[in-house]
Amino acid sequence: MAEATKTETEDLQAQLKLLGDDVAGLKDILRDLAKNSAQQVSADAKARADEAQKYLLDLADKTKGAAKSEIDSLEKTIANKPLQATFIALLAGLLIGRLTRR
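These lines cover the structure that appears in this document, whether it is placed above or below. (Residues numbered from 1 in each chain as written. Predicted model: local features only at pLDDT ≥ 70, side-chain atom pairs only at ≥ 80, totals over all residues. Heavy atoms only, no water.)

Looking at the overall build of the protein
Part 1: Broken down by element type, the protein carries two helices and zero strands.
Part 2: By principal-axis analysis of the C-alpha atoms, the protein measures approximately 120 × 35 × 10 Å.
Part 3: When the accessible surface of the protein is summed, it comes to about 9600 Å², and 64% of that surface belongs to carbon and sulfur atoms.
Part 4: The average position of the 16 basic charges and that of the 16 acidic charges among the side chains of the protein differ by 22 Å. (Helix = DSSP H or I, 4+ residues; strand = E, 2+ residues; numbered from the N terminus. Areas by Shrake-Rupley, 256 points an atom, 1.4 Å probe, with all protein chains shown as cover. Lys, Arg positive; Asp, Glu negative; His and termini not counted. Charge placed at Lys NZ, Arg CZ, Asp CG, Glu CD.)

This is how it looks when you write it as structure tokens:
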């Protein structure tokens, strides 16, 4: 009976060692999974930031083009009607002066 108990104890110790090795392996797998997930999140965030940057640059180019177009149009109007432009500028100056005088 002592021999059977010794064998059972050795079997139990061997199984516990295998269980410990399995837990250590599982810990390594979980660590690698977390690392890979963090890298994926980082890559996704970088891709979205790049998309946002491209969108904002495109929007800035469109806005710049529209502003240039409006400035060109205003310059043509002033060149074609200088007296009217001067009168409008004078009235705008007077109005701004009255609104800011306090």
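Back to the text.
Let's talk about the pattern of salt bridges
Oppositely charged side chains may form a pair once their charged atoms are brought near each other.
Part 1: Evaluation of the coordinates by the stated rule reveals five salt bridges.
Part 2: Notably, a salt bridge pairs Lys-68 with Asp-72, separated by 3.7 Å at the nearest N-O pair. With Lys-68 and Asp-72 both in helix H1 (residues 2-80) and four residues apart, this pair spans about one turn of that helix.
Part 3: A residue is classified by how much of its surface remains accessible, and Asp-72, at 31% relative accessible area, is partly exposed.
Part 4: The network of salt bridges with common partners includes Asp-28, Arg-31 and Asp-32. (Salt bridge = Lys/Arg side-chain N within 4 Å of Asp/Glu carboxyl O. Buried < 20%, exposed > 50% of the residue type's maximum accessible area, 1.4 Å probe, protein only.)

Digging into a negative patch on the surface
Part 1: A contiguous patch of negative charge, built from Glu-3, Glu-8, Glu-10 and Asp-11, is present on the exposed surface.
Part 2: Checked against the element boundaries, Asp-11 lands in helix H1.
Part 3: The class of Asp-11 is partly exposed, set by a relative accessible area of 44%. (Patch = residues over 30% accessible without salt bridge, like charges linked within 9 Å, V, L, I, M, F, W, Y side chains within 5 Å.)

It is worth stressing that arrangement in space is one thing and function is another; only the former is reported here.
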